[in-house]
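Inside the fold
This is what each chain is made of:
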Amino acid sequence: MPTLCPVGQSPPLFPLIECLDLGRELPPPSERFLLSNINFRVERGEVLGIVGPSGAGKSSLLRLINRLDEPTSGKVLLDGADTRTILPRELRRRIGMVMQRAYLFPGTVGENIAFGPRQHGESVSQDQIEAALAQVGLAGYASRSPATLSGGEGQRVAITRALMNQPEVLLLDEPTSALDEDAKRGIEDLLASLIRERGLTCLWVTHDLAQARAHADNLLVIKAGEVVAHGKPESVLDL
Ligand SMILES: Nc1ncnc2c1ncn2[C@@H]1O[C@H](COP(=O)(O)OP(=O)(O)OP(=O)(O)O)[C@@H](O)[C@H]1O
């Protein structure tokens, strides 16, 4: 989807995410390149699907983008700024992440959801928590323990928790791959409606090419740590 610009406003100067010659080499004795020469950009409101064989480096790429790992070459720009110049806590607020499985903290579902904003000194009312849960089909779940949730419910909480910070970018690392078919469809539909309603910018790693084709504006194909194709799903997948 192209970046939309309201009439009378200048278009943004920078892509929201840009990777420039990004790479990561493991330290000795391995010295193996997990990723090398990665170059791509993601515009506001774009969903970039990241696909490729197991072990290609897809998760490693997401980890470099939000600085869970550090690059050994190149850089990641967030709205034109090198992410190394952004305080980690600020970066976590601006870039949300949902993993394969929901890693929820002990406590209640409500406390998990309020965690991000409270970290930044913002108060979150019970009504806000209830409203956020209702939007993902979990009305009445605020006082539940995460241990009592199904896999699909846990992912709904993880998605809500990530979105409570109103991140500029959402990283999705195979968010449906640990779920059964029904739960998978539910989470995929939820993500699709959140993307549509909120215009989210996403980098969505998936093994599932049908999922990639259905939800991504563009695809990045990674093999053995390198980008081998980048473009519209129909052109990339029909190669
Ligand atoms: N910290 C690390 N130390 C050693 N090897 C690592 C490290 N992190 C990742 N790897 C290796 O790098 C390669 C890429 O891993 P990564 O998880 O990024 O792949 P992937 O494309 O996401 O795979 P999958 O689709 O199976 O999740 C793998 O061979 C993995 O074992």
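Thresholds, definitions, all that
- Residues numbered from 1 in each chain as written.
- Predicted model: local features only at pLDDT ≥ 70, side-chain atom pairs only at ≥ 80, totals over all residues.
- Helix = DSSP H or I, 4+ residues; strand = E, 2+ residues; numbered from the N terminus.
- Rg over C-alpha atoms; globule rule 2.2 N^0.38 Å.
- Buried ≥ 20, exposed ≤ 12 C-beta atoms within 10 Å, placed from the backbone.
- Contact = placed C-beta atoms within 7 Å.
- Pairing = 2+ DSSP bridges.
- Expected span 1.5 Å × (residues − 1).
- Near = placed C-beta within 6 Å.
- Nonpolar A, V, L, I, M, F, W, Y, C, P; charged D, E, K, R; others polar.
- Core = buried A, V, L, I, M, F, W, Y, C linked by C-beta atoms within 7 Å.
- Axes fitted to C-alpha atoms, helices over the stretch in contact; angles between N-to-C directions.

Going by what an unreviewed UniProt entry lists, the protein chain is known as Putative ABC transport system ATP-binding protein and is assigned to Acidipila rosea.

It is worth spelling out the overall build of the protein chain at this point. A count of helical and extended segments in the protein chain gives eight helices and ten strands. Here the C-alpha radius of gyration of the protein chain, 18 Å, is about what a compact globule of 239 residues would show, namely 18 Å. Taking the principal axes of its C-alpha atoms as reference, the protein chain extends roughly 45 × 45 × 40 Å. Out of the 239 residues in the protein chain, the part that is buried amounts to 39%. Looking at the protein chain alone, contacts between residues at least 24 apart form 69% of all its contacts between residues at least 6 apart.

Moving on, we come to the pairing of strand β4 (residues 73–78). Bridging between strand β1 (residues 17–25) and β4 involves five bridges; their strand directions are antiparallel. Bridge assignment links Ile17 to a residue of β4, and that residue is Leu78. In this structure, β4 lies alongside strand β5 (residues 81–82), joined through two bridges in antiparallel fashion. Within the sheet, the bridge partner assigned to Leu78 lies in β5 and is Ala81. In this antiparallel pair of consecutive strands, β4 and β5, the connection spans two residues, and Asp79 shows a positive phi of 50 degrees.

Let us now look at helix α5 (residues 151–164). With 14 residues, α5 extends 20 Å from end C-alpha to end C-alpha; this agrees with the ideal 20 Å at 1.5 Å per step. Looking at the residues trailing α5, positive phi occurs at Gln166, about 50 degrees.

Within the structure, the ligand sits among Leu26, Leu34, Gly52, Ser54, Gly55, Ala56, Gly57, Lys58, Ser59 and Ser60. It is helix α1 (residues 58–65) that contributes the most residues to the shell around the ligand, three residues altogether. When grouped by side-chain class, the residues that make up the shell around the ligand number three nonpolar, six polar and one charged.

In globular proteins that are soluble, nonpolar side chains generally tend to be buried together. By size, the foremost hydrophobic cluster in this structure holds 59 residues, and its most contacted members are Ile50, Ile65, Leu171, Leu203 and Trp204. With six residues, the top contributor of residues to this core is α5. For Leu171, the contacting residues outside a window of four places in its chain are Leu62, Ile65, Asn66, Ile95, Gly96, Met97 and Leu203.

Our next topic: the sheet that holds β1. Ordered in space as β2-β1-β4-β5, the four strands form an open sheet in which the pairing is antiparallel. At either margin of the open sheet sits one strand with a lone partner, and together these are β2 (33–42) and β5.

Across the sheet, six strands lie side by side as β6-β7-β8-β3-β9-β10; this open sheet has mixed pairing. Each end of this open sheet is capped by a strand with a single partner; those strands are β6 (95–98) and β10 (226–231). Across the sheet, the mean angle separating the axes of adjacent strands is 20 degrees when strand polarity is ignored. Relative to strand β9 (residues 218–223), strand β3 (residues 47–51) is paired through four bridges, and the arrangement is parallel. Note on β9: the bridge partner recorded for Gly49 is Leu219. Sheet strands in contact with α1 are β3, β6, β7 (169–173), β8 (201–205) and β9, and its direction is about 150 degrees off that of β8.

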